[in-house]
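Listed below, chain by chain, are the residues.
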Amino acid sequence: MHEIYKFGHSLAVFMSFFIILLLLLKSSGPFFKSPKRFLFFYFLIFGLFTLLHYCLFVEWHVEIVAVLFGNFDAFFYLLYPLAYFYVRGMLKEKEVLKPKDLLHLVPFFIQVLDMLPYSLTSFAHKILIAELIKFDIHEVVKQQVGFFFSARFHFYVKLLLSSFYMFYSCQLYLLFRPRTAKNFILHYWIPGFLLVQILLILFLTYFFLILPSSNQFKITYQGNSPWNYLGLGSYLVLSLSVFYFPEFLYAPYINEEREAKLKIPNYELSAEKLIEIETKLDLYLEEYKPFLKATFSLAQLSASLDIPVHHFNYYFRKTQQSNFLEQRMRWRIRHAKELIDAGKDKVITLEAIGLESGFQSRTTFFVNFKDLVGESPSAYSERKNRM
């Protein structure tokens, strides 16, 4: 079991830094103007925190402990404010940082100043403190490394503030979560994100307050604790979900935005013109199937049929109550269903069918297929094969 826990913890450290790279490199839209910037710094701090925990309790590395312990402690004050800002920004799109939000940084700067004398001590001194911690876990919370306050004091304050932040984050989610048009980010990712934060608070309370008060022990492997597996497992499920649900990299699909985009413009096209557009479109789609190309765009459709883009926008909104992107997705799903109905899934994989239908990834294909059809491609295929 030690090797399993060791591997899981190593994976947790890796995933933290992997996610910040994804957020930085693959996110859509302006990064430093979106709530994703808070998630970026959250995972950066959490990754360092996980690395410290790994070097303390899983595989001892005195140099890393010496660098992170004490010097890094103050950043934990930022972890839960960042989580709160992220949730608030995702739920309230127009919410921006206000001058009063700087008050959330006060505890962080207080500990930075408190730890300044320790930060300026020699590396040899920090190595000595790390060795004391290795000898007795009590030293984590009772070692006097701050100038004004003890580590135990800061630890209690962090747990208290973290609990308040989680309470208000959960309250904010219950108040502002959309009641309609379910989407992955707002209805699954954020609740899972909040749950992991709560489990982390419980884990820290158990590991650093309850366990040390009842046991005098050196820092060794403690992975058999149910709290360890619960906390680590929850975080891994959340972070590994990026491979199957990369939607959290993007802004949430707010229902009000969709309604605004589908609002019919002031000008109108005659019924005859709409029928003409529909006829040309149907013949073009049937003959050329341009949507099978991953790069197929509205501009290309407009140029091919010599119909202005704004006429297509009006047509889709007026007759389909959607837009080009949604219609393109429907055309691709319809084509994929036709391939499955024809037994193509017995020859190639469902992922290959998705790619052949114009989708750029397995995840996009499976998510859109389930949203539109009501069941996954695999479930649809199995049902068809039983008929």
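This is a predicted model, so every value here is computed, not measured. (Residues numbered from 1 in each chain as written. Predicted model: local features only at pLDDT ≥ 70, side-chain atom pairs only at ≥ 80, totals over all residues. Heavy atoms only, no water.)

**Q** Explain the overall build of the protein to me, please; I cannot follow it from the model alone.
**A** Secondary structure assignment for the protein yields 18 helices and zero strands. For the protein, the computed accessible surface area is about 20300 Å², with 64% contributed by carbon and sulfur atoms. (Helix = DSSP H or I, 4+ residues; strand = E, 2+ residues; numbered from the N terminus. Areas by Shrake-Rupley, 256 points an atom, 1.4 Å probe, with all protein chains shown as cover.)

**Q** I keep staring at helix α12 (residues 271–288) and nothing clicks. Help me out?
**A** An α-helical turn contains 3.6 residues, so any two residues separated by three or four positions project in the same direction. Compared with an ideal rise of 1.5 Å per residue, which puts 18 residues at 26 Å, α12 spans 26 Å between its outermost C-alpha atoms and is within 8% of the ideal. Buried residues of α12: Leu274, Ile277, Leu281, Tyr284 and Leu285, and no others. Buried residues of α12 fall within an arc of 100° about the axis and therefore sit on the same side. Turned more than 90 degrees away from the buried face of α12 sit Glu272, Ile275, Leu283, Glu286 and Glu287, all of them exposed. Residues of α12 that are buried sit in contact with α13 (298–305), α14 (309–320) and α15 (324–341). (Expected span 1.5 Å × (residues − 1). Buried < 20%, exposed > 50% of the residue type's maximum accessible area, 1.4 Å probe, protein only. Arc of directions from axis to C-beta. Contact = heavy atoms within 4.5 Å.)

**Q** Honestly, unusual backbone geometry in this entry has me stumped. Any pointers?
**A** With the exception of glycine, the majority of residues adopt a negative phi angle, and the majority of peptide bonds are in the trans configuration. Despite not being glycine, Lys289 shows a phi value in the positive range, around 45°. Position of Lys289 relative to the elements: it lies in the loop between α12 and α13. A residue is classified by how much of its surface remains accessible, and Lys289, at 25% relative accessible area, is partly exposed. Residue Gln321 is not a glycine yet carries a positive backbone phi of 50°. Positionally, Gln321 belongs in the loop between α14 and α15.

**Q** Help me understand the pattern of salt bridges in this model?
**A** If the charged atoms of two oppositely charged side chains come close together, the side chains can form a pair. Applying the stated criterion across every chain yields a total of six salt bridges. Asp341 is the partner of Lys384 in a salt bridge, and the nearest nitrogen-oxygen pair spans 3.9 Å. Taken together, the positions of Lys384 in helix α18 (residues 377–386) and Asp341 in helix α15 put the pair 43 residues apart, joining distant regions of the chain. Under the relative-accessibility criterion, Lys384 is labelled partly exposed at 28%. The partly exposed category is assigned to Asp341, whose relative accessible area is 44%. Note that Arg383 and Glu375 form a salt bridge whose closest N and O atoms lie 2.6 Å from each other. Judged by its relative accessible area of 18%, Glu375 is buried. Sharing partners across several salt bridges, the network here consists of Lys273, Glu276 and Lys280. (Salt bridge = Lys/Arg side-chain N within 4 Å of Asp/Glu carboxyl O.)

**Q** Before we go on, may I ask you to explain the nonpolar core in this structure?
**A** Within soluble globular proteins, side chains that are nonpolar tend to cluster in buried spots. Counting residues in hydrophobic clusters, the biggest one holds 71 residues, and the most contacted among them are Phe43 and Ile190. The contacts of Ile190, once residues within four sequence positions are left out, are Val87, Met90, Tyr173 and Ile185. Core analysis: the next-biggest nonpolar cluster, separate from the first, contains 18 residues, Leu274, Ile277, Leu281 and Leu298 among them. (Core = buried A, V, L, I, M, F, W, Y, C linked by side-chain atoms within 4.5 Å.)

**Q** What's the story with helix α8 (residues 151–176) in this structure? I'm lost.
**A** Here α8 is 26 residues long and its end C-alpha atoms lie 37 Å apart, about the 38 Å a rise of 1.5 Å per residue gives. Residues of α8 that are buried: Ala151, His154, Phe155, Lys158, Leu159, Ser162, Tyr165, Met166, Ser169, Leu172 and Tyr173.

**Q** What's the story with the packing of aromatic side chains in this structure? I'm lost.
**A** A ring pair, where both rings are aromatic, is described by two values, the distance of the centres and the angle of the planes. Enumeration over the complete set of coordinates arrives at 31 aromatic pairs. Taking 6.2 Å as the distance between ring centres and 50° as the angle between the ring planes, the aromatic pair formed by Phe46 and Phe49 counts as tilted. Of this pair, Phe46 and Phe49 both sit in helix α2 (residues 36–57), three residues apart, which is roughly one turn of the helix. Summarising the burial analysis for this pair, Phe46 and Phe49 share the class buried. Ring centres of Phe365 and Phe366 lie 5.6 Å apart, and the angle between their planes is 90°; on these two criteria the pair is classed as edge-to-face. For the residue pair Phe365 and Phe366, the accessibility class agrees, reading buried in each case. Through successive ring pairs, a cluster of aromatic residues spans Tyr42, Phe43, Phe46, Phe49, Phe76, Tyr80, Tyr86, Trp189 and Phe193. Above the plane of the ring of Tyr118 lies Lys126, whose end atom (NZ or CZ) is 5.3 Å from the centre. Its end group placed over the ring of Phe366, Arg362 keeps NZ or CZ at 4.1 Å from the ring centre. (Phe/Tyr/Trp six-rings, centres within 6.5 Å; stacked < 30°, edge-to-face > 60°. Lys NZ or Arg CZ within 6 Å of the ring centre and 35° of its normal.)

**Q** So what exactly am I meant to see when it comes to the confidence of the model for the protein here?
**A** Summing up the model confidence of the protein, the mean pLDDT is 81 and the portion of residues at 70 or higher is 81%. Across the protein, element-level confidence peaks in α15 with a mean pLDDT of 93 and bottoms out in helix α11 (residues 255–261) with 46. In this model residues 253–260 is a low-confidence stretch, pLDDT under 50, and it forms ten contacts with partners more than four residues away in sequence or in other chains. (pLDDT = per-residue confidence, 0-100.)

**Q** Any chance you could explain a negative patch on the surface here in plain terms?
**A** Together, Glu278, Asp282, Glu286 and Glu338 line one region of the surface with negative charge. The greatest single-element share of the negative patch, amounting to three residues, is contributed by α12. By the secondary structure assignment, Asp282 is in helix α12. The class of Asp282 is partly exposed, set by a relative accessible area of 43%. (Patch = residues over 30% accessible without salt bridge, like charges linked within 9 Å, V, L, I, M, F, W, Y side chains within 5 Å. Lys, Arg positive; Asp, Glu negative; His and termini not counted. Charge placed at Lys NZ, Arg CZ, Asp CG, Glu CD.)

**Q** Would you mind showing me how to read the side chain of Lys158 here?
**A** Within the element layout of this structure, Lys158 appears in helix α8. There is no salt bridge for the buried Lys158, and the closest opposite charge comes from Asp73, which lies 5.0 Å off by N-O distance. Setting aside residues up to four positions removed in sequence, Lys158 forms contacts with Asp73, Ala74, Phe76, Tyr77 and Gln111.

**Q** Any chance you could explain a nonpolar patch on the surface here in plain terms?
**A** Together, Leu103, Val106, Ile110, Phe147, Phe148, Phe149 and Phe153 make up an exposed nonpolar region whose accessible area comes to about 700 Å². Among the residues examined, Phe147 registers a relative accessible area of 56% and is labelled exposed.

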